[in-house]
Amino acid sequence: MSATLRRRATAPPPRPARGPGAPRRTVWLLDLDNTLHDALRAILPRIDAAMTEFVMRTAGLEREAASALRLEYWRRYGATLLGMVRHHGVDPHEFLRDTHRFPDLDALVRRDPRLAHLLRRLPGRKIVVTNAPAAYAGEVLEALGIAPLLDGLVAIEQMRFAGRLRPKPSRPMLRRLLARLRLSAGECALVEDSVENLRAARHCGLRTVFVSGFAWGRRPAWQRPRRGQRGMDVHVRTVVQLARTPLARPVHAP
Ligand SMILES: [Mg+2]
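Numbering of residues starts from 1 in each chain and follows the order in which that chain's sequence is written. Where totals are concerned, whole chains, interfaces and linings use all residues; where local detail is concerned, this predicted model gives features only for residues with pLDDT of at least 70, and gives and counts side-chain atom pairs only at 80 or more.

Helical segments are the DSSP runs of H or I of at least four residues, strand segments are the runs of E of at least two, and each set is numbered from the N terminus. Tallying secondary structure elements over the chain gives ten helices and eight strands in all. In this scheme every C-beta is placed from the backbone, and a residue whose C-beta has 20 or more other C-beta atoms within 10 Å is buried, one with 12 or fewer is exposed, and one in between is partly exposed. Relative to its 254 residues, the chain shows a buried fraction of 37%. Long-range contacts, defined here as pairs at least 24 residues apart, represent 69% of the contacts in the chain between residues at least 6 apart. The contact rule is simple: place each C-beta atom from the backbone, and if two of them lie within 7 Å, those residues are in contact.

Quick look at the sheet that holds strand β3 (residues 152–154) now. Sheet architecture is open: six strands sit in the order β3-β2-β1-β6-β7-β8, paired in parallel fashion. One side of each edge strand has no neighbouring strand; the edge strands of this open sheet are β3 and β8 (234–236). Within this sheet the neighbouring strands show an average axis-to-axis angle of 25 degrees, counted without direction. A pair of strands is considered paired only if DSSP assigns at least 2 bridges between the two. Note: strand β1 (residues 27–30) against strand β6 (residues 188–192), four bridges, orientation parallel. Its bridge partner lying in β6, Val-27 is registered against Cys-188. As a rule, the C-alpha atoms of each element are fitted with a line to give its axis, helices using only the stretch in contact, and angles between N-to-C directions run from 0 to 180 degrees.

Now for the pairing of β6. Burial analysis of β6 places five of its five residues in the buried class, the great majority of the element. The alternating pattern of β6 places Cys-188, Leu-190 and Glu-192 and Ala-189 and Val-191 on opposite faces, both of which are buried. As judged from the four bridges shared by β6 and strand β7 (residues 207–211), these two strands associate in the parallel manner. If you follow Leu-190 over to β7, its bridge partner there is Thr-208.

Attention now goes to unusual backbone geometry. With an omega of 10 degrees, the peptide bond between Lys-168 and Pro-169 qualifies as cis. Positionally, Pro-169 belongs in the loop between β5 (164–165) and α9 (171–180). Even without a glycine there, the phi angle at Asn-34 is positive, about 65 degrees. In this structure Asn-34 comes out as buried when scored by C-beta crowding, with 21 C-beta atoms within 10 Å.

For the rest of this paragraph, the subject is the pairing of β1. Side-chain alternation along β1 places Val-27 and Leu-29 on one buried face and Trp-28 and Leu-30 on a second face that is also buried. The sheet contact formed by β1 and strand β2 (residues 126–129) spans three bridges and is parallel. Within β2, the position partnered with Trp-28 by the bridge is Lys-126.

Structure representation (structure tokens):
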């Protein structure tokens, strides 16, 4: 990860000067995997396999049982990591390091050539907020070639509440994160492929953009939104469509 982006990851981004009558622009909180790139084909299967191996070693289970437990923790806590910390006392940093090793990441990342163009012309600040570890997230952003176009990165290591890691969809973490970044919920939009994360964000007062385009049919049924389900303000197939949504238009104060 570039030194600049890492610095932006830990410090609140500078707030732009706002004079009277200055238009208010959306602050985009962008998820990473399956929002900014398609991780379902090559990357997530490798992470799932590495997590299953980790569960096998730690809990002494056969592969099938370990895979089932990994999924159970993911469903119950929003991240396998939390179940491993809570029930098996694992070191979260060791778990994240062990399950996100990608010496060949550059070859695995699927790039949409329109993404950099979108980020350049989309008004408002853009901060990546991901449940992935910072090292991996930084490498993916570099591989996508969009790191210089972003205003910050918040990775799972920065998602803490009450002394514990609390990734998305934790509402207390989300509120604390907004306070740390000196942002109001009403000026932010969370852009995500996860229905649970969007619902939590909506509950906290953020606007929500559901990104459904990446290999949707291969997701488990419980991860797909039902028709008419509340929790999303805008639905796009790909983030490239963000600039065409009403949220991209600056709001002029009366
Ligand atoms: Mg995602």
